[in-house]
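Structural description and commentary
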Amino acid sequence: MRALTWTAMSPPVMSRTATSTVNLRRISLRRYRVCVRATASSSATVSGGGVVEAVELAEIGERSKKWKWKGEYSVNYFVKDSPEEVTPASQTVLLVHGFGASIPHWRRNINALSKNHTVYAIDLLGFGASDKPPGFSYTMESWAELILNFLEEVVQKPTILIGNSVGSLACVIAASESRGDLVKGLVLLNCAGGMNNKAVFDDWRIKLLMPLLLLIDFLLKQRGIASALFNRVKDRENLKNILTNVYGNKDNVDDTLVEIIAGPANTEGALDAFVSILTGPPGPNPIKLIPEITKPVLVLWGDQDGLTPLDGPVGKYFTSLPDQLPNFNLYVLQGVGHCPQDDRPDLVHERLLPWLAQLSST
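Under an unreviewed UniProt entry, the name given to the protein is AB hydrolase-1 domain-containing protein, and the source organism is Arabidopsis thaliana.

With that out of the way, let us pick up the nonpolar core. Nonpolar side chains in soluble globular proteins generally cluster together in the buried interior. Residues W143 and F318 are the most contacted members of the largest nonpolar core, which totals 65 residues. Setting aside anything within four residues of it in sequence, one finds W143 in contact with L124, L125, F127, Y138, A170, M195 and I277. In terms of nonpolar packing, the next biggest core, distinct from the first, is built from 25 residues, I60, V93, L113 and W355 among them.

Our focus in this paragraph is the packing of helix α7 (residues 236-246) against helix α8 (residues 255-265). Close contact between α7 and α8 brings their axes to 10 Å; oriented N to C, the two are set at 115°. By the criterion of interaxial angle, the relationship of α7 to α8 is roughly perpendicular. Judged by the twist between their axes, the crossing of α7 over α8 is right-handed. Across the interface between the two elements, R236, L239, K240 and L243 of α7 pack against D255, L257, V258, E259, I261 and A262 of α8. Looking at side-chain class alone, the contact of α7 with α8 contains six nonpolar, no polar and four charged residues.

With 12 residues, helix α11 (residues 313-324) extends 16 Å between its outermost C-alpha atoms, agreeing within 8% with the 16 Å of an ideal straight helix rising 1.5 Å per residue. Listing the buried residues of α11 in full gives V314, G315, Y317, F318 and L321. For α11, the angular spread of buried residues about the axis comes to 165°, placing them on one side. Lining the buried residues of α11 we find β10 (183-189), α10 (286-289), β11 (297-302) and β12 (328-333).

Applying the stated criterion across every chain, the model contains six salt bridges. Notably, a salt bridge pairs E59 with K80, separated by 3.8 Å at the nearest N-O pair. Of this pair, E59 sits in helix α1 (residues 57-63) while K80 sits in strand β6 (residues 73-80); the two residues are 21 residues apart in sequence, bridging distant segments of the chain. The exposure class assigned to K80 is buried, which follows from its relative accessible area of 14%. Ionic pairing is found between R344 and D346, a salt bridge with its closest N-O pair at 2.8 Å. A relative accessible area of 11% means that R344 is categorised as buried. Residue D346 is classed as buried on the basis of its relative accessible area of 17%. Each of E59, R63 and K80 takes part in one network of salt bridges that share partners.

The end-to-end C-alpha separation of helix α4 (residues 166-177) is 17 Å, in line with the 16 Å expected for 12 residues at 1.5 Å each. For α4, the buried fraction is high: 11 of the 12 residues fall into the buried class. On its buried face, α4 sits against β7 (92-96), α3 (140-155), β9 (159-164), β10 and α10.

Within the structure shown, the criterion is met by 11 aromatic pairs. Pairing W67 with F150 gives two aromatic rings, centres 5.3 Å apart and planes at 70°, and the pair type is edge-to-face. Taken together, the positions of W67 in strand β5 (residues 65-69) and F150 in helix α3 put the pair 83 residues apart, joining distant regions of the chain. As far as the burial class goes, W67 and F150 line up, both buried. Ring geometry for Y138 and W143: centres 6.3 Å apart, planes at 45°, overall tilted.

With that settled, consider the side chain of R344. Structurally, R344 is set in the loop between α12 (340-343) and α13 (345-361). A polar contact is formed between the side chain of R344 and the side chain of D346, at a distance of 2.8 Å.

Attention now moves to the sheet that holds strand β8 (residues 118-122). Strand order in this open sheet of eight strands is β5-β6-β8-β7-β9-β10-β11-β12, and the pairing throughout is mixed. Of all the strands in the sheet, just β5 and β12 have a single pairing partner and so form its edges. Averaged over all pairs of adjacent strands, the angle between strand axes in this sheet comes to 25°, irrespective of strand direction. Two strands pair when backbone bridges link them, and β10 and β11 are joined in this way by four bridges, in the parallel orientation. Residue pairing for β11: V187 is matched across the bridge by L298. Where α4 meets the sheet, it contacts β7, β9 and β10, and its direction lies at approximately 145° from that of β9. Here α11 sits on the sheet and contacts β10, β11 and β12; the angle it forms with β12, its principal contact strand, is near 125°.

What counts as what
- Residues numbered from 1 in each chain as written.
- Predicted model: local features only at pLDDT ≥ 70, side-chain atom pairs only at ≥ 80, totals over all residues.
- Heavy atoms only, no water.
- Core = buried A, V, L, I, M, F, W, Y, C linked by side-chain atoms within 4.5 Å.
- Buried < 20%, exposed > 50% of the residue type's maximum accessible area, 1.4 Å probe, protein only.
- Contact = heavy atoms within 4.5 Å.
- Axes fitted to C-alpha atoms, helices over the stretch in contact; angles between N-to-C directions.
- Helix = DSSP H or I, 4+ residues; strand = E, 2+ residues; numbered from the N terminus.
- Parallel < 35°, antiparallel > 145°, perpendicular 65-115°, else oblique.
- Left-handed = near helix turned anticlockwise from the far one by under 90°.
- Nonpolar A, V, L, I, M, F, W, Y, C, P; charged D, E, K, R; others polar.
- Expected span 1.5 Å × (residues − 1).
- Arc of directions from axis to C-beta.
- Salt bridge = Lys/Arg side-chain N within 4 Å of Asp/Glu carboxyl O.
- Phe/Tyr/Trp six-rings, centres within 6.5 Å; stacked < 30°, edge-to-face > 60°.
- Polar contact = N/O pair within 3.5 Å; in protein donor to acceptor, adjacent residues only side chain to side chain.
- Pairing = 2+ DSSP bridges.

Put into structure tokens, the structure is as follows:
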């Protein structure tokens with residue numbers, strides 16, 4: 001999810017597992033090192049929708065693998081193949097999370113996608129169980145490079161990139177820089193305009209806040225102040241309040257969700273990543289990159305998103321694209337916040353799965 005300011009850090013988080021029988025147990029996952037609620041069932045009822053079959057967090061941890069990026073950085077990833085025989089309709093997809101999140105953010109989407117497609121998901125450097133190297137300068141360009149290298153070295157197939165928030169923006173950059181059929185298509189869920197709010201996009205609201213944002217940049221570069229602010233942000237009660245403001249479906253903001261986010265935030269290197277991302281350059285402007293992309297693109301946007309609202313410059317630009325570019329399809333999801341895939345996965349699947357099937361036929 002997009003990083004605004006430290007008071008509105010809203011990690012696009014992993015979905016909860018809401019079942020009738022919940023046993024609380026402590027699961028020691030070497031890859032995630034977080035405490036989660038394990039359930040006896042992998043189904044979750046979505047408020048206002050149907051039942052979504054979720055992958056349990058334990059399965060994600062047990063099946064995750066490691067890949068060495070540039071021979072130096074350990075990157076965590078997950079893969080699940082379709083149980084059915086591969087057909088011409090089968091796609092390979094890569095799920096890319098947003099700010100503060102990781103692979104489990106997609107656990108309510110993986111099963112639906114893997115019924116007919118091969119699903120990869122990745123923890124971007126600085127998040128989840130991937131390395132958080134000291135002194136690393138996080139940029140949108142470095143994440144896009146990581147994505148392309150992962151496709152080349154691990155996936156080795158034409159792939160559809162599916163991202164949320166800054167993950168979407170990283171996918172846009174990767175697609176604009178890819179050559180040949182490495183990237184087959186894009187799915188953008190509430191795409192961010194930049195790695196942080198220094199991506200102005202002529203938004204008067206951001207312009208008014210710019211002096212405050214620059215002050216926060218300065219304060220975050222003071223180690224003691226940054227540590228105090230970060231500890232306040234990752235406090236579980238504060239996280240829950242932040243997430244409640246980010247989600248349209250408030251039922252999905254529970255203790256499990258909060259614990260999943262707080263866990264990785266307490267690992268070594270998380271503070272440095274937090275500071276680098278919020279104080280770093282915003283990255284390439286997606287408005288300049290989008291016209292370069294000729295592959296099919298599906299855009300899904302929650303209409304209750306307060307971080308990248310529909311009436312803001314980024315939202316307005318993306319909603320105008322279907323009338324300008326024939327390769328773009330856009331759907332606005334009613335009552336949904338910044339993380340549609342976790343907020344209302346049923347509505348996402350309703351649009352995403354037929355689009356993938358249609359893409360196969362063309």
